[in-house]
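Chain residues, written in single-letter form:
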There are 4 protein chains.
Amino acid sequence: MLKIGTYEFESRLLLGTGKYPDQEIQRKAVKASGAEILTFSVRRLNVFDPPGENALEESDLGRFTLLPNTAGAKDATEAVRHAQLAKASGLCDMVKVEVIGCEKTLLPDPVETLKASEELLSQGFTVLAYTSDDVVLARRLEELGVHAIMPGASPIGSGQGIINPLNLSFIIEQARVPVIVDAGIGSPADAAKAMELGADAVLLNTAVAQAGDPVKMAEAMKLAVLSGRLGYEAGRIPEKTYATASSPSEGLMK
Amino acid sequence: MLKIGTYEFESRLLLGTGKYPDQEIQRKAVKASGAEILTFSVRRLNVFDPPGENALEESDLGRFTLLPNTAGAKDATEAVRHAQLAKASGLCDMVKVEVIGCEKTLLPDPVETLKASEELLSQGFTVLAYTSDDVVLARRLEELGVHAIMPGASPIGSGQGIINPLNLSFIIEQARVPVIVDAGIGSPADAAKAMELGADAVLLNTAVAQAGDPVKMAEAMKLAVLSGRLGYEAGRIPEKTYATASSPSEGLMK
Amino acid sequence: MLKIGTYEFESRLLLGTGKYPDQEIQRKAVKASGAEILTFSVRRLNVFDPPGENALEESDLGRFTLLPNTAGAKDATEAVRHAQLAKASGLCDMVKVEVIGCEKTLLPDPVETLKASEELLSQGFTVLAYTSDDVVLARRLEELGVHAIMPGASPIGSGQGIINPLNLSFIIEQARVPVIVDAGIGSPADAAKAMELGADAVLLNTAVAQAGDPVKMAEAMKLAVLSGRLGYEAGRIPEKTYATASSPSEGLMK
Amino acid sequence: MLKIGTYEFESRLLLGTGKYPDQEIQRKAVKASGAEILTFSVRRLNVFDPPGENALEESDLGRFTLLPNTAGAKDATEAVRHAQLAKASGLCDMVKVEVIGCEKTLLPDPVETLKASEELLSQGFTVLAYTSDDVVLARRLEELGVHAIMPGASPIGSGQGIINPLNLSFIIEQARVPVIVDAGIGSPADAAKAMELGADAVLLNTAVAQAGDPVKMAEAMKLAVLSGRLGYEAGRIPEKTYATASSPSEGLMK
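Computed from a prediction, not measured in an experiment: that's the story for all the values here.

Next up on the list: the overall build of chain A. Across its full length, chain A carries 9 helices and 10 strands. The long-range fraction of contacts in chain A, counting pairs at least 24 apart against all pairs at least 6 apart in sequence, stands at 66%.

As a further point, take the pairing of strand S3 (residues 13–16) of chain B. Residues and elements named next belong to chain B. Across the two faces of S3 the burial is the same, with Leu13 and Leu15 and Leu14 and Gly16 all buried. Alignment of S3 against strand S10 (residues 201–204), held across 3 bridges, turns out to be parallel. Looking at S10, one finds that Leu13 is bridged to Val202. The parallel pair S3 and strand S4 (residues 37–41) is bridged by helix H1 (residues 23–33), and the resulting crossover is right-handed.

With that settled, consider the environment of Val99(A). All names here are of chain A. Turning to its location among the elements, Val99 is positioned in the loop between strand S6 (94–97) and helix H4 (110–122). Val99 sits 13 residues away from Glu112 along the chain, and the two C-alpha atoms are 6.6 Å apart. Other than its neighbours up to four places away in sequence, Val99 contacts Thr70, Ala73, Lys74, Asp75, Ala79, Leu107, Pro108, Asp109, Glu112, Thr113 and Ala116.

Quick look at the side chain of Asp182(B) now. Residues and elements named next belong to chain B. Looking at the secondary structure, you find Asp182 in strand S9 (residues 180–182). Here Asp182 falls in the buried class, since its relative accessible area comes to 4%. Excluding its chain neighbours within four sequence positions, the residues that come into contact with Asp182 are Lys96, Tyr130, Met150, Pro151, Gly152, Ala153 and Leu203.

This next bit is on the pattern of salt bridges. Residues and elements named next belong to chain A. Going through the model one piece at a time under the given rule, you end up with 48 salt bridges over all chains. Between Glu112 and Lys115 there is a salt bridge whose closest N-O contact spans 3.3 Å. Of this pair, Glu112 and Lys115 both sit in helix H4, 3 residues apart, roughly one helical turn. The class for Lys115 is partly exposed, based on a relative accessible area of 47%. Here the residues in one salt-bridge network are Glu24, Arg27 and Lys28, joined through shared partners.

Across all of its chains, the model carries 8 aromatic pairs over all chains by this definition. The ring of Tyr130(B) has Lys96(B) sitting right over it, with the charged end atom 5.2 Å from the ring centre.

Residue and element names in this part refer to chain D. With 13 residues, helix H3 (residues 76–88) extends 18 Å from end C-alpha to end C-alpha; this agrees with the ideal 18 Å at 1.5 Å per step. Inspection of H3 places Ala76, Ala79, Val80, His82, Ala83 and Ala86 among the buried residues, and these make up the whole buried set. The buried residues of H3 occupy an angular sector of 160 degrees when projected down its axis, which confines them to one face. Exposed side chains of H3 directed beyond 90 degrees from the buried face belong to Thr77, Arg81 and Ala88. Residues of H3 that are buried sit in contact with strand S5 (65–69), strand S6 (94–97) and helix H4 (110–122). Where H3 begins, the capping side chain belongs to Asp75, and its oxygen is found 3.3 Å from the backbone nitrogen of Thr77. Looking one or two residues past H3, Gly90 carries a phi angle of roughly 90 degrees, positive in sign.

Let us now look at the UniProt feature "active site" (unreviewed entry) in chain A. All names here are of chain A. Under the UniProt annotation, the feature "active site" (unreviewed entry) is placed at Lys96. Inspection of the secondary structure puts Lys96 in strand S6. On the accessibility criterion, Lys96 (5% relative accessible area) is buried. Ignoring anything within four residues of it in the chain, the contact list for Lys96 reads Leu67, Pro68, Asn69, Thr70, Leu128, Tyr130, Met150, Asp182 and Leu203.

All buried positions along helix H5 (residues 135–144) of chain C are accounted for by Val135(C), Val136(C), Leu137(C), Ala138(C), Leu141(C) and Glu142(C). Where H5(C) is buried, its residues contact H4 of chain A together with helix H4 (110–122), strand S7 (126–131), strand S8 (148–151) and helix H6 (165–174) of chain C. The residue sitting at the N-terminus of H5(C) and contributing the capping side-chain oxygen is Asp134(C); that oxygen lies 3.1 Å from the backbone nitrogen of Val136(C). Of the residues trailing H5(C), Gly145(C) is marked for its positive phi of about 115 degrees.

A few words now on the pairing of strand S8 (residues 148–151) of chain A. All names here are of chain A. A two-sided burial pattern is seen for S8, the buried positions comprising Ala148 and Met150 on one face and Ile149 and Pro151 on the other. Pairing geometry for strand S7 (residues 126–131) and S8, over 4 bridges, is parallel. Residue pairing across strands places Ala129 opposite Ile149, the latter belonging to S8. Considered for its hand, the β-α-β crossover made up of S7, helix H5 (residues 135–144) and S8 is right-handed.

A word on the side chain of Arg140(A). Within the secondary structure layout, Arg140(A) lies in helix H5. For Arg140(A), the side chain forms a polar contact with the side chain of Glu143(A), separated by 2.9 Å. Side-chain polar atoms of Arg140(A) contact the side chain of Asp109(C), separated by 2.6 Å. Those residues in contact with Arg140(A) that sit more than four places away from it in its chain are Leu114(A), Gly101(C) and Asp109(C).

Cut-offs used in this document
Residues numbered from 1 in each chain as written. Chains lettered and ligands numbered in written order. Predicted model: local features only at pLDDT ≥ 70, side-chain atom pairs only at ≥ 80, totals over all residues. Heavy atoms only, no water. Helix = DSSP H or I, 4+ residues; strand = E, 2+ residues; numbered from the N terminus. Contact = heavy atoms within 4.5 Å. Buried < 20%, exposed > 50% of the residue type's maximum accessible area, 1.4 Å probe, protein only. Pairing = 2+ DSSP bridges. Right-handed = clockwise from strand over helix to strand, strands pointing away. Salt bridge = Lys/Arg side-chain N within 4 Å of Asp/Glu carboxyl O. Phe/Tyr/Trp six-rings, centres within 6.5 Å; stacked < 30°, edge-to-face > 60°. Lys NZ or Arg CZ within 6 Å of the ring centre and 35° of its normal. Expected span 1.5 Å × (residues − 1). Arc of directions from axis to C-beta. Polar contact = N/O pair within 3.5 Å; in protein donor to acceptor, adjacent residues only side chain to side chain. UniProt positions renumbered as here; feature names shortened; annotations may be inferred.

Structural data, given as C-alpha cells:
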C-alpha cells in the first residue's frame, strides 16, 4: 500500500499523460499499466475545451487520482500559481512541484523547489517534490514536511535509467515519507531496479508513451514495478566477486 | 513460446534446484516461479533413494521437464558420461552441457564444452550449452548444431548480473537458436534486463534459492521475465544525453 | 594554467593534508604530487603549536598556496566563522566552503553552502564551493559569483570514483569558472576520467594519504591529471558499438 | 620491466601503426608515446616498396621492436602463413596471433587462436595471443606456452574501454606470463584502469591514431600507462559505501 499524505493506493506505478501517439493508445496504456495516479501538466488544463475531446472520459475521472504538476514553472511563484489553478479547477489538493532550472537538461532548481514546497505546504497542499538526487536536499524537503520525495533517476525523457543508485539508496534510507523515483526510467529493468533499491513507487511517462508499442510497454512496466517490489521485500542475495556452486554434491533432487 | 529442439514451453524462466533452505520451500518456490523446466546436477541423481524423500513428488514429474546438467564434469569425457547416465535414468534427452574450467570462478571451459557438445549431438541429445559470453565461441557452438546457447551473465552464484551486455547483444543478434542467459543473475532487474536485450529465456538458481524469502523472490523473477520480454517486444525508447519534455504545451489531458 | 579568481597555478592537482601515516610521508607525497595548492581544515589550525612540529616547514609555506576549508561546519554561520578565522591567521583569502549536511555520507548541504558562499563573497573572499553534482545548484553558485565549483565525484573518502559523469559533464559545459572535481576519487583512472570530461582540476586526499604507498600514489595522481588533461585537449575518439579495423589493407608500414 | 619471452622493454605501451592521418603525424605520435614495440599487420608488408616511402625510416628500425600481427587471417592456417612470412622478411620471431571470427565485431576465434598458437609455438615463435576475455581460454593459451596473453577490453576500434573488469582481473590473477590489454581502449582513463587492474601492458592504436590530435594523445597515453602502473604498485584505497572524513579533528597541519 502506497500512502501519500492521507491518500492510499494499491499501484506503485504513477503514469504521465504526455506524448502518446493518440488518445486511444493513451487510454489503453493507462489501463494496461494499472496506474491509479495520472500526472499531467497544469499548463495543459483547458476549461474551455469542447466536451468529448478529453483523453480521459468523465467516467474515468472517478477511477484515477489526477496529480497536477507544475511543469513549465520557472520559479516558485509560477509553481505556486499553477498549483492554485489546479486546485481551483476542482482537482485534488495533491500537487507535484516541478521547477525546472535548466532548459537543456530539464533538471530541477533546488532553491525554487524548496521555496515552492514551503509555500504550498503552508497553503494546505499535499506536496510531492520533484528533485535531483541530492541527498541533503531531499532531507531538507522532508524537513519542510513534503509528503513524498521524487528524485530523478536521470534527465526527463532521456531513458538513461538510474545513473546514481548510491544517492537513491541514501535518500531512501533516510526518508520517512514515500520516495517515488521520477524521470529517466527507460525500460522495465530500470523500473524494477528502482523498486529493488527500496523506492516506494516509480513515475514514468516517455518510456511508455514513446515506446514502439505503448500499451504493451505499459503492461511491462506494471509487471516490472510489481517484480521489483517483491524482490525488495524478498531480500536479494549479496553480490560476490567469486563464484559459488549452485549444484552442491549432497542430494536434494533425485 | 520458447522452442528448444522439439520441445516447447510457455515459461521463459528455467529454475535450478540447488541450495534451497528445505524441500518445502523449494516446492513452493518452483510453483511460484511458473517454471516448466527444472535443472539439476546429474551428480545428485540417486536411484536408491527411499520413496517419499524427493523434493519433487512423483506427481510433479509429469508437470516439469527435468533438465539434467553436467555440473562437476571437468572435461568432455565426464560430461558425456553424466549425460548418458541421465538418459539411462529415463529422463528426457535434453542435457545442459556444463564443463567448468576453473574452480574459483566456475567459468566454463570453451574447448571441452565444444567437444562434449559435438559428441552428445552425434548421440542424438538435445544440447543446451553453458558457455562464457565469448561471441565467436557461441557461434561455433551454434555451427555444431546445439539447440540453445547459454551464455553466463557473470560467475555462477555471484549475483553480479549482466557485466557485459554488449557481448550478450552480439550473441543474441547472431543466434538462430534460443539464447538462455544463465548464471550470475542476482535480482529481478537483472532478469528483466536479460530479456530486454532479446534473450529467449533466463536460467537462475541462487538468486531465488538463497534469497531472504525464496518463494516471494521466485514470483518476483517470474514477473521480471514476463516484464522484460514484453519490454523487448514493445520496443524501448532510445537513450538520449539531453532531456526531452514529457509535458508538451499542446493540450491532451484537460 | 588554472586560474581561480586572481590566482594562477600550473598544477591541476589539489591535495588534501589529512590522514597521512606520518609527516615525513606527507611531505614526500606532497612533493611527488606536484601540487601547488594544499587544502586543510581550519579546525586543525593551532596557533599555539610549538615550532618544528608542523607538517609543512616554514620554508614550505612560501611554495604552496594553503587553501583552508570549512570542514566540520554544520551551517553557513559556522562556515563563515571558520573562513574568517583562517583569514585572520594570515593565510590567503581563498576558502573552500564545505558545509556537510549528513554525517553518514558527508554530502554537502545545498542551502547552507549557498548562504555561506554568498556571505563570504560579500566579504571579499575568493570562494571555492564544495557541492553535490546537482547541475542547477552549480549554476546558482556560479550566479552568486563563486570563483570555482567543486562538485563531488562520490562521497568523501569513499574511493568510488565518478558515479555520475553525465551531471559532471553538464556542470562543466555550463560553467564559466573552473570546475574542480572534489571527493570520491579512488585511483588514477578516476582522476584521469575527471580531467577527460573537461574538469579544470581535481582535488583529492584519501586516495593518496591512505594508499599502500602514498608517495608513489601521489606521483601516479600527478601523471593521471596530466594525462587526462592532455587527453581532453587532444580530443578522444567516439565510442562505437561495433568494431572498426585498425589494420586497413592499404600499405603504410612496410 | 616488461619481459616477453626473452625480450625486455621499459615501456608498457605497445602502439599499432594503422589509421594515422599521415606518416609525419604517425612518426611524431610514436615518439611521443615512448613505445618500444610497434605492431602492424603482415598483410601490409610490401618488400617491393620504393625506398623512402616507409612510415618508419631505416634508422628507426633499430630503435623499435616491430611486432607483426596476423590481422586478416580467418583461420589458423592463414595466421601461421602470415607469421612465417613476417619471419622470412627478417623481422623478429615475435608474432601477435590474431584470428578474427566475426567481421562485424572483429572478435577473435577461440579455437583457431588456440590452433595457430600451438603450431607457431612448435615452430619456435614467441607468441602473443590476442583473445577475448574468456578466463578459461586465457588459461588454455597459457598452458600451451604462449608468451603473453592479450585479452580485448572491448571490440577493436570501438573505444568502449574495459567492459568486463572482473574477467580481466581473473585473467591477470591466474597468469604467470604478461597480460597485455589489447583492443577497445578509448581514452587515457581506460589505459590507466587496465594498468591499475594489474595488466603488464596495454596495446592500442585507434585511440591515438584517430584522436583529434594524435601526437598529444600519444603523450597522454604514455602518462596514463605510467600512472596506472604506479597506482597498481602503490596499492589503491578500497571502495567504501559510506564516507570517511579526510579532515580528522586532531592537528597535523597547523
